[in-house]
Amino acid sequence: MALIVHKYGGTSVGSPERIKNVAKRVAKARAEGHDIVVVVSAMSGETNRLVALAHEMQEHPDPRELDVVLATGEQVTIGLLAMALKDIGVDAKSYTGWQVALQTDTSHTKARIENIDDERMRADLAAGKVVIVAGFQGISSEGNISTLGRGGSDTSAVAIAAALKADECQIYTDVDGVYTTDPRVVPEARRMDTITFEEMIELASLGSKVLQIRSVEFAGKYKVRLRVLSSLQDGGNGTLITFEEDDNMERAAVTGIAFDKNQARINVRGVPDKPGVAYQILGAVADANIEVDMIIQNVGSEGTTDFSFTVPRGDYKQTIELLQQRQDSIGAACIDGDDTVCKVSAVGLGMRSHVGVAAKIFRTLAEEGINIQMISTSEIKVSVLIDEKYMELATRVLHKAFDLGN
């Protein structure tokens, strides 16, 4: 008998019929003798509806009260799933995040998990119950309802699996595993049987929507065995995210291609080329809790330099306004940007032992007339910033260039 954590996303529980299908899947696993904990998201589209309601009340909703509103989405799902299980003869009990309790810090809408009390869950499992927990939410150290940010249900599931020392955490979604790239863009994309945690973290951070990056980091930190499966079809082993490198890893320089539209470029032009100028620019951005990704600095003439970096597209306007307010103190000649860019990345452990990967990427894009605006690299990835209109073309040609369909 194994202890398994199931996690179902919004699409998987998007209707009463789908919730009943989840109940049947859980019941089957329970009938096989496994102890099951289920973590669920809000029904598809529900969180967006709640956010819209909040914005009708306040242009910038109070974070504490927004968490109170958003947490109701998952509360509906856990109750409905518990009912569906009871209806087919499976004893189940639902818990909100603060009933578990999943303890977090006080950063409303972006809370970080600090501790999980597993006593009630273990007692229910020992009594033969299926435990159902609301994902995405917890309780802060001040006793307030908190949420973990969009995609936080994955993180909840992995954290609970770590706390319970579960044998496996199975993430059920609308795809049957992790692919070499998005099959909606490249029909030849191939599902991988296994992928390493290092590669999955890179893919998740670079735009792959299969898993939320915090959940992968959490799984890696606490050595949680993680598997991605489809909730919309039966059978299949999905993709196992493993700590061990496959024997074939060295033969493939690139494992997958990721892309991300959620990018905007900020240009701070003509600033004095002196120590501390980067901090003057990025320190203000960091203080506003805006994440910076790619960075490039070009030294110009007459003691000036141009400084460019990328931020999430939703933070583009705020970042421009923030820096324009500080333009005189920074000493910039001009501050502008572009929110019609995207990032395309190649990821693979094989890059450690293969030379020429970056050159091949640059040549492939050049042959298609795609201009590279910025470049970022690590030991196992190469990312390029390009015009958004070339995103799908770049993904297709790079996928083909590295023969990822075979």
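Residues numbered from 1 in each chain as written. Predicted model: local features only at pLDDT ≥ 70, side-chain atom pairs only at ≥ 80, totals over all residues. Heavy atoms only, no water.

Asker: Would you mind showing me how to read the overall build of the chain here?
Answerer: Looking only at helices and strands, one finds 14 helices and 18 strands in the chain. A compact globule built from 406 residues would reach a C-alpha radius of gyration of about 22 Å, and the chain, at 23 Å, matches this within 12%. The 406 residues of the chain split such that 51% are buried. Taking contacts inside the chain between residues at least 6 apart in sequence as the whole, the part at least 24 apart equals 74%. When the accessible area of the chain is evaluated, it comes to approximately 18,700 Å², of which 47% is carbon and sulfur surface. (Helix = DSSP H or I, 4+ residues; strand = E, 2+ residues; numbered from the N terminus. Rg over C-alpha atoms; globule rule 2.2 N^0.38 Å. Buried < 20%, exposed > 50% of the residue type's maximum accessible area, 1.4 Å probe, protein only. Contact = heavy atoms within 4.5 Å. Areas by Shrake-Rupley, 256 points an atom, 1.4 Å probe, with all protein chains shown as cover.)

Asker: Would you explain the pattern of salt bridges in this entry?
Answerer: Proximity of charged atoms lets side chains of opposite charge pair with each other. For the coordinates displayed, the defined rule picks out 17 salt bridges. Of the charged contacts in the structure, one is a salt bridge between Asp91 and Lys129, with a shortest N-O distance of 3.6 Å. With Asp91 in the loop between α4 (72–87) and β3 (92–95) and Lys129 in the loop between α6 (119–126) and β6 (130–134), this pair connects stretches of sequence that are 38 residues apart. Owing to a relative accessible area of 36%, Asp91 belongs among the partly exposed residues under this scheme. Taken together, the salt bridges that share partners define one network made up of Lys86, Asp91 and Lys129. (Salt bridge = Lys/Arg side-chain N within 4 Å of Asp/Glu carboxyl O.)

Asker: Looking at this model, I keep getting lost on the sheet that holds strand β14 (residues 295–299). Mind explaining?
Answerer: Reading across the sheet, the six strands line up as β14-β15-β13-β16-β18-β17 and stay open at both edges, with antiparallel pairing between neighbours. Edge positions in the sheet fall to β14 and β17 (374–378), since each has one partner strand and no second. In this sheet, neighbouring strand axes are inclined to one another by 25 degrees on average, regardless of whether the strands run parallel or antiparallel. Where strand β13 (residues 256–272) and strand β16 (residues 334–347) come together, 11 bridges link them in antiparallel fashion. If you follow Gln263 over to β16, its bridge partner there is Val341. Sitting on the sheet, helix α11 (residues 316–325) touches β13, β15 (304–311) and β16, and the angle it makes with β16 is about 135 degrees. (Pairing = 2+ DSSP bridges. Axes fitted to C-alpha atoms, helices over the stretch in contact; angles between N-to-C directions.)

Asker: For this particular structure, what's the right way to read the side chain of Thr196?
Answerer: Among the secondary structure elements, Thr196 is positioned in strand β10 (residues 194–196). At 3.1 Å, the side chain of Thr196 forms a polar contact with the side chain of Glu199. (Polar contact = N/O pair within 3.5 Å; in protein donor to acceptor, adjacent residues only side chain to side chain.)

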